Amino acid sequence: MISFLFWNLNENAGAVPYVGRLAMTYGVDIFLFAECPKDTAPLITVLNAAFRGVYRVADEVIPEKVRVITRLVPSRLKQRLTLVGKDATIWTLQGDTLPRVLLVAAHLPSKAGGFTPHDQQTVAEQVARGIMSVEDQDECQDTILVGDMNMNPYEPGMAIVTGFHGLMTADLVKLGDRRFKGIDYRRFYNPMWGLYGDRTPGPAGTFYWDAYSPSNHRWHMLDQLLLRPSLVDRLRNVQILAGDGYSPFLGEDGAPDRDKVSDHLSILFQLEI
Amino acid sequence: MTVTGQSFWPENIDVGVLSPKEILETQANALADITKGLVTAKIIETTVATDKAPTFQLQLILVATNLTYERQILTISHGIQLFYPATVDADCFRTRPPPLMRELIKDATGMEWPTDAPTAVTDRDLGTLVKTVLRSDEVRSLLTSLIARSKDLLRSQGRAVPQK
């Protein structure tokens, strides 16, 4: 089983000690950090002080938008392709049982950064095409997509057939490619649908936006995990973490403590691959 | 005014026009020579589904073999049958001013900030767009870094480093 943790750190060096404790509590094999502090040395120091393996920066050649730190040996995790805009980097991962898995780490443009929902959909479509192109070249559709999408699961870029085509149930995903207007579209399973709101354990989303806006859900599910159908039955756990096992990530108001930790919460998931 | 004998056809349309793939192949071959093979470029062709019609896409990918690193630096998309118009996506065409700045620009000039990928109607247009990408700060920085890192690695391994 391989354990992954994705987290947008909001470039907050104050979050570094929590990362070490996450390694201790959850035995994470691969950390993926968006908005990672530029200096990764403190992260490596706290991770290796946890005595849960020897961690290293995997994207040391050219730092990616989503930094990858792992305790897996270099031969098991290799950069495969970084897409235009550095919106996503595709890695090849050698699993315990699967010889080749594609791991896509994404950080897509935000509305706050000037992108309209239409722009975001365009980028999602471009990233989806990039993923499919590598899947075709490598003849592998054992694909994991994780990242800060800066969209909710129901927004067009996440759900439309030409985008990520992320669906809310495993049954829907297992139906195979969807034929729409004569063209087949690959599907992703998006388990984050099931974690949205307060009817499941854990926080209601990964990001809290407290703004005076007439239409504001407050909790947003910007950070997401998506899986191709072949990996759905291999998903053992996915959860939004409200703490590191020692300290909470939430402030007194119940929202992510952006000053002390980060404005995003992390996603932990394990796959039997 | 007499029109006898005059051609009304546009200039720069002749039998020498190039396909998007030919334009990229020329640049890929040139890069291998320039970098003495430290960084090469490859072209990946794919057919992609869109909500309108299938589209043909060419990707230009930088490859630093010694570093086991690959980076997509531009994509060209066009119809299956028609090579033009072709749209180009690249880092340098992605820059967006913040929303407030866009509003100010719109208020001051009445112009909306363009958000669609630039489109080439002819091979000349496409050549200009590709040249813009290859000479952009983003690509120059990346290329320089990859060459320098590749040389560092070869040196550290005691292997021959290509000379200028």
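Treat the numbers as computed from the prediction; the structure is a model and nothing was measured.

**Focus: the overall build of chain A**
- The secondary structure content of chain A amounts to six helices and 17 strands.
- For 273 residues, the compact-globule estimate of 2.2 N^0.38 gives 19 Å, and chain A sits close to it at 18 Å.
- In terms of overall dimensions, chain A has C-alpha extents of about 55 × 50 × 35 Å along its principal axes.
- The burial tally for chain A puts 60% of its 273 residues in the buried class.

**Observations regarding the packing of helix α1 (residues 20–34) of chain B against helix α3 (residues 123–134) of chain B**
Residues and elements named next belong to chain B.
- Between α1 and α3, whose axes approach to 10 Å, the crossing angle comes to 35°. Handedness of the α1/α3 crossing: right-handed. Only Asp123, Leu126, Gly127, Val130 and Leu134 of α3 make contact with α1, whose side of the interface consists of Pro20, Ile23, Leu24 and Gln27.
- Among the residues making up the contact of α1 with α3, the classes are represented as six nonpolar, two polar and one charged.

**Brief notes about the pairing of strand β17 (residues 266–271) of chain A**
All names here are of chain A.
- Burial analysis of β17 places six of its six residues in the buried class, which makes it a mostly covered element.
- The two faces of β17 match: Ser266, Leu268 and Gln270 on one face and Ile267, Phe269 and Leu271 on the other face are all buried.
- By the bridge criterion, five bridges tie strand β1 (residues 2–8) to β17 in an arrangement that is antiparallel. Across the sheet, residue Phe6 finds its bridge partner in β17, namely Ile267.
- One ladder, built from six bridges, connects strand β16 (residues 235–241) with β17; its direction is antiparallel. For Leu235, the partnering residue across the bridge sits in β17 and is Leu271.

**Notes on the environment of Leu271(A)**
Residue and element names in this part refer to chain A.
- Looking at the secondary structure, you find Leu271 in strand β17.
- Classification of Leu271 as buried rests on a relative accessible area of 0%.
- When sequence neighbours within four positions are dropped, the list of residues in contact with Leu271 reads Met1, Ile2, Phe4, Ile144, Leu227, Leu231, Arg234 and Leu235.

**Digging into the interface of chain A and chain B**
- Each partner contributes residues to the interface: chain A has 29 residues there, and chain B has 34 residues.
- Buried area between chain A and chain B, summed over both chains or domains, comes out near 2600 Å², and the portion from carbon and sulfur atoms is 53%.
- For chain A, the biggest contributors to the area lost against chain B are Val61(A), Val84(A) and Arg129(A); these three give 25% of the whole.
- The tally of links from chain A across to chain B stands at two salt bridges.
- We note a salt bridge from Arg94(B) to Asp87(A), for which the minimum N-O separation is 2.5 Å.
- Taken together, the connections running from chain A to chain B amount to twelve residue pairs in polar contact (both at pLDDT 80 or more).

**With respect to the pairing of strand β5 (residues 77–82) of chain A**
All names here are of chain A.
- Taking burial as the measure, the six residues of β5 include five buried ones, the bulk of the element.
- Alignment of β5 against strand β6 (residues 88–93), held across five bridges, turns out to be antiparallel. Bridging across to β6, Leu77 finds its partner in Leu93.
- The turn joining β5 and β6, which pair antiparallel and follow one another in sequence, is formed by five residues; a positive phi near 80° is taken by Gly85.

**Looking at the packing of aromatic side chains**
All names here are of chain A.
- This structure, assessed with the given rule, holds six aromatic pairs over all chains.
- Between Phe31 and Phe33, the aromatic rings sit 5.4 Å apart at their centres with planes inclined by 15°, giving stacked as the arrangement. Phe33 carries the same exposure label as Phe31, and that label is buried.
- Relative to Tyr55, the ring of Phe31 has its centre 5.8 Å away and its plane inclined at 55°; by these criteria the two rings are tilted. Taken as a pair, Phe31 in strand β2 (residues 30–34) and Tyr55 in the loop between α2 (41–49) and β3 (56–57) lie far apart in primary sequence, 24 residues in all. For the residue pair Phe31 and Tyr55, the accessibility class agrees, reading buried in each case.
- Ring-pair connections join several aromatic residues into one group, and the members of that group are Trp7, Tyr18 and Phe249.
- Sitting above the plane of the Phe188 ring, Arg228 keeps its charged end 3.9 Å from the centroid.

**Section: the confidence of the model for chain B**
Residue and element names in this part refer to chain B.
- On average, chain B scores 88 in pLDDT, and the residues at 70 or more come to 88%.
- Confidence, expressed as mean pLDDT per element, reaches its minimum in chain B at helix α2 (residues 99–109) with 70 and its maximum at α1 with 96.
- For this predicted complex, the interface confidence reaches an ipTM of 0.88, while the overall pTM sits at 0.92.

**Observations regarding the sheet that holds β3(A)**
All names here are of chain A.
- Across the sheet, which stays open at both edges, the six strands sit in the order β3-β4-β2-β1-β17-β16 with mixed pairing between neighbours. Since the sheet does not close on itself, it has two edges, and those belong to β3 and β16, each with one partner.
- Contacts from helix α1 (residues 16–26) reach β1, β2, β16 and β17 within the one sheet, and its direction differs from that of β1 by about 155°.
- Contacting β2, β3 and β4 (66–70), α2 runs over the sheet at an angle of about 30° to β4.

Cut-offs applied
- Residues numbered from 1 in each chain as written.
- Chains lettered and ligands numbered in written order.
- Predicted model: local features only at pLDDT ≥ 70, side-chain atom pairs only at ≥ 80, totals over all residues.
- Heavy atoms only, no water.
- Helix = DSSP H or I, 4+ residues; strand = E, 2+ residues; numbered from the N terminus.
- Rg over C-alpha atoms; globule rule 2.2 N^0.38 Å.
- Buried < 20%, exposed > 50% of the residue type's maximum accessible area, 1.4 Å probe, protein only.
- Axes fitted to C-alpha atoms, helices over the stretch in contact; angles between N-to-C directions.
- Left-handed = near helix turned anticlockwise from the far one by under 90°.
- Contact = heavy atoms within 4.5 Å.
- Nonpolar A, V, L, I, M, F, W, Y, C, P; charged D, E, K, R; others polar.
- Pairing = 2+ DSSP bridges.
- Buried area = accessible area lost by both parts, 1.4 Å probe.
- Salt bridge = Lys/Arg side-chain N within 4 Å of Asp/Glu carboxyl O.
- Polar contact = N/O pair within 3.5 Å; in protein donor to acceptor, adjacent residues only side chain to side chain.
- Phe/Tyr/Trp six-rings, centres within 6.5 Å; stacked < 30°, edge-to-face > 60°.
- Lys NZ or Arg CZ within 6 Å of the ring centre and 35° of its normal.
- pLDDT = per-residue confidence, 0-100.

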